[in-house]
Amino acid sequence: MSPKKKKLPAWEKLDNTALLFPVIATEGMSNVYRISATLTEEVDPQALAEAQDKVLSHFLNFRMRLRSGVFWYYFEENDMKYPEVKEENDFPGSYINKSKNNQYLFRVTYYKKRINLEVFHALTDGFGGLVFFKELLYQYLRIRYPEILNVEKDQISSGIFLDKEDSYLRNFKQSKDHSAAYKSKKAITLKGEKLPNGTMGVIHCYLPFVEMKAAAKKYGVTLNQFLVGTYVYAIYKEYLRGDVSKTPINCCVPVDLRSYYNSHTLKNFFVMISAIFRPEKEDYSYEEVLHIIADCLKSQINPEHLNDILSYNVSNEKNKFLRPIPLFLKNIAIRHVYEATAFGTTSTLTNVGKVELREPYEPYVEHFYAMLSMSKGQNMKGAVVTYKDTMILTFSTILADLSILRTFFACLRDEGVHVAVDTNGVWE
Amino acid sequence: MSKKTKAEKKSNKKMQPEETVRSIKKCPQCGIILLQGGDTCPFCHCVPEDQDEETVSQIKKDFGQGAPYPDIMKKQRLVRFALRLILFIMIMITATSIALNFVFTPSIWWSLIVLAGMIYGYVMLDYWIKHDAGFANKIGVQIFVSILFIFLADYLTGNRGWALQWVIPSIILFGDAVVFFLMLLNRSRWTSYLLLLILMEIAGAVILFLLFAGYIQNGILVIICIAVTSVFLLATVIFGDAKITTELKRRFHI
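All residue numbers refer to position in the chain's written sequence, counted from 1. Chain A is the first chain written and ligand 1 is the first ligand written, with later ones labelled in order. Only residues with pLDDT of 70 or above have their local features reported here, since the model is predicted, and side-chain atom pairs are shown and tallied only from 80 upward, although totals for entire chains, interfaces and linings are computed over all residues. With hydrogens and water set aside, each side-chain value is computed from the structure's full complement of heavy atoms.

## A closer look at the overall build of chain A
- Strands here are runs of E lasting at least two residues and helices are runs of H or I lasting at least four, both read from the DSSP assignment and numbered beginning at the N terminus. In terms of helices and strands, chain A carries 11 helices and 15 strands.
- Taken over the C-alpha trace, chain A has a radius of gyration of 22 Å; the compact-globule value for 428 residues is 22 Å, and the two agree within 12%.
- With the principal axes as the frame, chain A shows a C-alpha extent of 85 × 55 × 40 Å.
- Every one of the 428 residues in chain A was classed for burial, and the buried ones make up 61%.
- The Shrake-Rupley method, run with a 1.4 Å probe sphere, supplies the accessible areas, and residue values consider only the shown protein chains as cover. When the accessible area of chain A is evaluated, it comes to approximately 17400 Å², of which 53% is carbon and sulfur surface.
- Positive charge is attributed to Lys and Arg, negative charge to Asp and Glu, and no charge count is given to His or to the chain ends. To locate a charge, take NZ of a lysine, CZ of an arginine, CG of an aspartate or CD of a glutamate. Of the charged side chains in chain A, 54 are positive and 50 negative; the average position of the first set lies 7 Å away from that of the second. Note that the radius of gyration is over C-alpha atoms, with the globule rule given as 2.2 Å times the number of residues to the power 0.38. Each residue's exposure class comes from its accessible area (1.4 Å probe, protein chains only) as a fraction of the maximum for that residue type: buried when under 20%, exposed when over 50%, partly exposed otherwise.

This is the structure we're talking about:
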């Protein structure tokens, strides 16, 4: 028999959001996010490596490497050995070097009872990362605790989508109004003494879900609006000292578009909306700020506005005059535009949502965490994930001064929320 | 499949005993529970208070025990020290060269070449360590910077033409050899080096143009350089067949 002819590696174009990340990613601005979970027992590295290999074979979009073309970056199937599962030895969300890690754009690490998945954002967003991470956890637990196999099959979950469509392009509709899409006016930048160069501080806040829900309900806002509003209020009180300011506080909030466009893609599919607060008088009350932010978010989360943002983003990619410009020139232009608009955002707060595990696996997993890396002009970011009865809000920051968070927690405490905190020890 | 040897070794090691969990404390000022304890509250710097056993067990029940992190600062300090040590040695060598030059041969400033070489070496070291790009990309940049460096060295030392005539064609030929060996070593991805080869062909063509334009006196090495690169590129395209077509299609997609 003749040897089987080797198939050419698959390739695909980057989705609309992903086009930005390879251009702007640096050591200090990695565009890597982390999803992690703590288990009830210490992690077994061998079982984790085995789980990663098994799960990865099903997820082609995680088996990609990034390549530069003459006009665009693109993904190509990576034929190298699967990445090594290592003990955590760097700051969360640290840069993923595209020519190391066997050229994979994600890494799986562990430390004591915690398993971490870190993903370069060009690959997928939090939704896609979570789908992969849950399968990794399921597989790990099946290997580590074979008794689960009495009630579960040793295969990836039925019902999950491995769809790789570019939902931005698929749902692109020419919009009449591009002006409403993004406003790039300068916003407040959180400045102050910074941690030593290259250091990333992490603060996990453990918040009882029921208490948080009750606090949000008291003000007639959603949980997300409550979190963003409280965060903006803390910035207003600590950074602006309750003063009038012409420059607004702009907290970006990513919105998952899948439910609006009936998409199941594992690629990026989100847009950013802005929670903007411009203090035009002195001493706004907590309640006033909450309602301003809630109204601001509400006014933007509607299909028309989201479509305006989507079509604005995609229109540049589809522009027939821009497409044939060589990549190195596009990179210069994209970097320039990004840097010019980066200071239009004060911070970002994302809510990954409520994570649910299937019943046989749930007792083995204690907590879920999500965290974001830093961006230009944004020295503090937050990510929320809820699992079982606890909402964990993780702030990542390069600031040495945490007075904004002190005020943030004081607001929560005043609303009857019990707060427990855990850090990565860089402030000690 | 992933390397299992290291993971196996780690797994076979007896599971490490649970590290002493730092006691759970509460900040009397902020009212926040600090799951990892600590000497001061990270938010207000107030000394936190210990909690009684009953409260601690309730907190553990409600929130767990937190998620400890490894000490990364130590690793960072080591890397920074290594880079600073290299920089220090380079500065010392350059300073010594300048001093020796000044004392023994003040008429010829050969130490400037040492200085330029050290700057070039450090910039390239930094680029190879820190810059995120594949081998082909790094080699391409290295060849381009070397050509520029040699050209400038020739220009600043009397513009005798040795750079264009001998050294730059030699660098391109060396680049051909490197690409050839990389293609052999990395056979499953040999097409990755195609763009680099095309760029070297373009560089060779520019030198050939300069030869015909009369800027180069002796063109033997230039002719050899362009001939070798062209034959190499032609062979790659002809024998590469579908792989090359696919590579070109992907690389040039608009």
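Once the structure has been displayed, the description carries forward.
## Points about the interface of chain A and chain B
- Chain A puts 83 residues into the contact, and the matching count from chain B is 57 residues.
- Note: buried area is the sum, over both parts, of the accessible area (probe 1.4 Å) each one loses when the two are combined. Buried surface at the junction of chain A and chain B, summed over both partners, amounts to about 6000 Å²; 54% is from carbon and sulfur atoms.
- We count a salt bridge whenever a side-chain nitrogen from Lys or Arg sits within 4 Å of a carboxyl oxygen from Asp or Glu. Seen at the junction of chain A and chain B, the total is 3 salt bridges.
- Put simply, B:Glu247 and A:Arg67 hold a salt bridge, and the shortest N to O gap is 3.0 Å.
- Pairs of N or O atoms are called polar contacts if they sit within 3.5 Å, as long as, within protein, a hydrogen donor faces a hydrogen acceptor (for residues adjacent in sequence, only side-chain-to-side-chain pairs). Connecting chain A to chain B are 19 residue pairs in polar contact (both at pLDDT 80 or more).
- Side-chain classes follow a simple rule in which Ala, Val, Leu, Ile, Met, Phe, Trp, Tyr, Cys and Pro form the nonpolar group, Asp, Glu, Lys and Arg form the charged group, and the remainder, Gly included, forms the polar group. For the side of chain A that touches chain B, the residue count by class is 36 nonpolar, 19 polar and 28 charged. When checking whether two residues touch, look at their non-hydrogen atoms; a contact exists if any pair is within 4.5 Å.

## Digging into the sheet that holds strand β4 (residues 73-77) of chain A
- One bridge is not enough; two strands pair if DSSP finds at least two bridges between them. If you trace the 3 strands from one edge of the open sheet to the other, you get β1-β4-β3 (chain A), paired in antiparallel fashion. Single-partner strands in this sheet number two, and they are β1 (11-13) and β3 (64-68) of chain A. Mean inter-strand twist for the sheet, computed between neighbouring axes without regard to direction, equals 30°.
- In this sheet, β4(A) lies alongside β3(A) in antiparallel orientation, the contact comprising 5 bridges. What sits directly across from A:Arg67, in β4(A), is A:Tyr74.
- To obtain each axis, a line is fitted to C-alpha atoms, and for helices this fit is confined to the stretch in contact; angles are then taken between N-to-C directions over 0 to 180 degrees. Relative to β4(A), helix α8 (residues 220-251) of chain B is tilted by about 145°, and along the sheet it contacts β1, β3 and β4 of chain A.

## Details of the pairing of strand β6 (residues 106-111) of chain A
All names here are of chain A.
- Where burial is concerned, most of β6 is hidden: 6 out of the 6 residues are buried.
- Burial of the side chains of β6 extends over both faces: Phe-106, Val-108 and Tyr-110 are buried on one face and Arg-107, Thr-109 and Tyr-111 on the other.
- Of the strand pairs in this sheet, strand β5 (residues 86-87) and β6 are connected by 2 bridges, and their pairing is parallel. Across the sheet, residue Glu-87 finds its bridge partner in β6, namely Tyr-110.
- Joining the antiparallel neighbours β6 and strand β7 (residues 114-120) is a turn of 2 residues, in which Lys-112 adopts a positive phi near 55°.

## Points about the nonpolar core
- In this structure, A:Phe226, A:Tyr231, A:Phe395, A:Phe409 and B:Phe43 are the most contacted members of the largest nonpolar core, which totals 81 residues.
- Among the nonpolar cores identified, the runner-up in size contains 66 residues, and A:Met64, A:Phe71, A:Trp72 and A:Leu105 belong to it. Side-chain atoms within 4.5 Å are what join buried Ala, Val, Leu, Ile, Met, Phe, Trp, Tyr and Cys residues into a set we call a nonpolar core.

## Considering the environment of A:Ile148
Residue and element names in this part refer to chain A.
- Here Ile-148 is to be found in the loop between α3 (126-144) and α4 (167-170).
- Separated by 10 residues in the primary sequence, Ile-148 and Tyr-138 have C-alpha atoms spaced 9.6 Å apart.
- Not counting residues up to four positions away in its chain, the partners in contact with Ile-148 are Leu-141, Arg-142, Pro-360, Tyr-361 and Tyr-364.

## Comments concerning the domain arrangement of chain A
All names here are of chain A.
- Parsing chain A into structural domains produces domain 1 (11-150 + 164-168) and domain 2 (182-351 + 372-423).
- In this complex, domain 1 contributes 41 residues to the contact, which on the side of domain 2 involves 32 residues.
- For the pair domain 1 and domain 2, the summed buried surface comes to about 3200 Å²; carbon and sulfur atoms form 59% of the total.
- Among the residues domain 1 hides against domain 2, the three largest losses belong to Val-23, Trp-72 and Tyr-168. Together they make up 21% of the total.
- Our count for the domain 1 to domain 2 interface comes out at 2 salt bridges.
- On inspection of domain 1 and its partner domain 2, the count reaches 21 residue pairs in polar contact (both at pLDDT 80 or more). Domain start and stop positions are those given by an automatic or database domain assignment.

## A few points about the packing of aromatic side chains
- Put simply, two rings from Phe, Tyr or Trp (the six-membered ring, in Trp's case) pair if the centres are within 6.5 Å, and we call them stacked under 30 degrees between planes, edge-to-face over 60, tilted for the rest. The final tally for this structure, using the stated rule, is 30 aromatic pairs over all chains.
- Aromatic pair A:Phe106 and A:Phe132: ring centres 5.6 Å apart, planes at 70°, arrangement edge-to-face. Remark: A:Phe132 occurs in helix α3 and A:Phe106 occurs in strand β6; sequence separation between them is 26 residues.
- Judged by centre distance (4.8 Å) and plane angle (25°), the rings of B:Tyr120 and B:Phe149 are stacked. On the criterion of sequence distance, the pair formed by B:Tyr120 in helix α4 (residues 111-130) and B:Phe149 in helix α5 (residues 135-156) is long-range, its members being 29 residues apart.
- Residue classification places B:Tyr120 among the partly exposed positions, given a relative accessible area of 21%.
- Owing to a relative accessible area of 29%, B:Phe149 belongs among the partly exposed residues under this scheme.
- Each member of the aromatic cluster is reached from another via a ring pair, and the members are A:Phe59, A:Phe62, A:Tyr82, A:Tyr104, A:Phe106 and A:Phe132.
- Distance and angle both matter: a charge sits over a ring if NZ of Lys or CZ of Arg is within 6 Å of the ring centre and within 35 degrees of the ring normal. If you follow A:Arg144 out to its NZ or CZ, it ends over the ring of A:Tyr145, 5.6 Å from the centre.
- Sitting above the plane of the A:Tyr284 ring, A:Lys281 keeps its charged end 4.8 Å from the centroid.

## Observations concerning the sheet that holds β5(A)
Residue and element names in this part refer to chain A.
- Strand order across the open sheet formed by 5 strands is β5-β6-β7-β2-β12, with mixed pairing between neighbours. The outermost strands of the open sheet, each flanked by one partner alone, are β5 and β12 (365-371).
- Contacts between α3 and the sheet are confined to β2 (32-39), β6, β7 and β12, with β2 contributing the most and set at about 30° to the helix.

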